[in-house]
Amino acid sequence: MKFFIDTANLDEIKQAADWGILDGVTTNPTLVARENVAFKERIIEICDVVAPGPVSAEVVSVEAEEMIEEARELRSWAENIAVKIPLIPDGIKATRALSEEGIACNVTLCFSANQALLAAKAGAAYISPFVGRLDDVGADGMSVVEDIVQIYDNYAFDTEIIVASIRHPIHVLQAALLGAHIATVPFDSLEKLFKHPLTDIGLKGFLADWEKLQKQLADA
Ligand code: G3P
């Protein structure tokens, strides 16, 4: 299973890369706006940090021809850019054209298995079902992921499933149990994956006993 980080914050990306567990980055217009920095410069900086891992940068056009032009421009910034395209009819049309040009598309704003089927049919490299936003409206986000895993397996689609809109570590666990290819995780949830109180208690005990032994040996 691959871990992407869902952020445009460079410090968070560098920290995750430093841990040695980072395979890629996803951004969206909201995440970039939160950083209050120039889009192009930030995306290029991120691409440098995670290369050759993919970095998703999103188009803001809603018409196919404009999306295609925007995607080509984004892709000219770095080899490892995957273009994020919204799951609307024009987005699917653009995904087909861009995929045939060899530009990796991450089809985003996916909330149903049928939408994911359309993205795979169009040749998307990635599909991003938003589990947290589905849970927020009382639906079961992970059951959508389960259906997508089944459908992609039935037909051997190459499209990789990025479980997105992750809110907490249980989402990561469920994504892994379902066999999703990728989880894109916000930094705070990524940090929480490390944590267990018994690890902290155990480490404290080991280090205290080691110190005690050194003291005993020095005193002997
Ligand atoms: O990057 C797309 C997705 O992960 C957004 O998450 O938390 O805004 O629902 P969220």
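Up top is the structure.
The structure presented is a predicted model; accordingly, all values stated were derived computationally and were not measured.

A.B. asks: Can you help me understand the layout of surface pockets in this one?
C.D. replies: In this approach, a probe sized like a water molecule rolls over the atoms, and the result shows the empty space that is left. By volume, the largest pocket is sized at about 260 Å³. Forming the boundary of the largest pocket are 17 residues, of which Asp6, Asn28, Leu31, Arg133 and Ser165 lie nearest the centre. For the lining of the largest pocket, the leading source of residues is helix α2 (residues 29-35), giving 3 residues. Class assignment of the residues belonging to the lining of the largest pocket gives a composition of 5 nonpolar, 7 polar and 5 charged.

A.B. asks: Is there a simple way to explain a negative patch on the surface in this structure?
C.D. replies: On the surface, a cluster of negative charge is made up of Asp135, Asp140, Glu146 and Asp147. With respect to the helices and strands, the residue aspartate 147 is situated in helix α8 (residues 141-155). Overall, aspartate 147 belongs to the partly exposed group, its relative accessible area being 42%.

A.B. asks: How should I be thinking about the pattern of salt bridges in this particular structure?
C.D. replies: Proximity of charged atoms lets side chains of opposite charge pair with each other. One pass over the structure, following the stated rule, counts 9 salt bridges. Of the charged contacts in the structure, one is a salt bridge between glutamate 35 and arginine 42, with a shortest N-O distance of 3.7 Å. A relative accessible area of 21% means that glutamate 35 is categorised as partly exposed. What makes arginine 42 buried here is its relative accessible area of 12%. Between aspartate 136 and arginine 167 there is a salt bridge, with its nearest N and O atoms 2.6 Å apart. Here arginine 167 lies in the loop between β7 (160-163) and α9 (169-178) and aspartate 136 lies in helix α7 (residues 131-136), a separation of 31 residues in the sequence. Looking at arginine 167, the relative accessible area reads 37%, which means it is partly exposed.

A.B. asks: Hey, could you run me through the pairing of strand β8 (residues 182-185) in this one?
C.D. replies: Each regular strand carries side chains that alternate between the two faces of the sheet. Both faces of β8 are covered, namely the face carrying Ile182 and Thr184 and the face carrying Ala183 and Val185. Bridge count for strand β1 (residues 2-6) against β8 is 4 bridges, and the pairing is parallel. Residue phenylalanine 4 lies in a different strand from β8, and its bridge partner there is threonine 184. Handedness of the crossover is the feature at issue here: the chain leaves β7, passes through α9, returns alongside β8, and the resulting connection is right-handed.

A.B. asks: Please explain the sheet that holds strand β6 (residues 126-129) as it appears in this structure.
C.D. replies: Picture the strands of a sheet paired through backbone hydrogen bonds; they go either parallel or antiparallel. Taken in spatial order, the 8 strands line up as β1-β2-β3-β4-β5-β6-β7-β8 and close into a barrel, and their pairing is parallel. Here the average twist between neighbouring strands, direction ignored, is 30°. Where β1 meets strand β2 (residues 24-26), 3 bridges bridge the pair, whose relative direction is parallel. Along β2, the bridge assignment pairs aspartate 6 with threonine 26. Running over the sheet, helix α6 (residues 113-121) touches β5 (105-110) and β6 and is turned about 165° from β5.

About the criteria used
- Residues numbered from 1 in each chain as written.
- Predicted model: local features only at pLDDT ≥ 70, side-chain atom pairs only at ≥ 80, totals over all residues.
- Heavy atoms only, no water.
- 1 Å grid on protein atoms, 1.4 Å probe; cavity = no way out; pocket = protein on both sides within 12 Å on 5 of 7 lines; lining within 4 Å.
- Points joined across faces, edges and corners; volume = space filled by probe spheres on them.
- Helix = DSSP H or I, 4+ residues; strand = E, 2+ residues; numbered from the N terminus.
- Nonpolar A, V, L, I, M, F, W, Y, C, P; charged D, E, K, R; others polar.
- Patch = residues over 30% accessible without salt bridge, like charges linked within 9 Å, V, L, I, M, F, W, Y side chains within 5 Å.
- Areas by Shrake-Rupley, 256 points an atom, 1.4 Å probe, with all protein chains shown as cover.
- Salt bridge = Lys/Arg side-chain N within 4 Å of Asp/Glu carboxyl O.
- Lys, Arg positive; Asp, Glu negative; His and termini not counted.
- Charge placed at Lys NZ, Arg CZ, Asp CG, Glu CD.
- Buried < 20%, exposed > 50% of the residue type's maximum accessible area, 1.4 Å probe, protein only.
- Pairing = 2+ DSSP bridges.
- Right-handed = clockwise from strand over helix to strand, strands pointing away.
- Axes fitted to C-alpha atoms, helices over the stretch in contact; angles between N-to-C directions.
- Contact = heavy atoms within 4.5 Å.

Coordinates in, geometry out; function isn't part of it.
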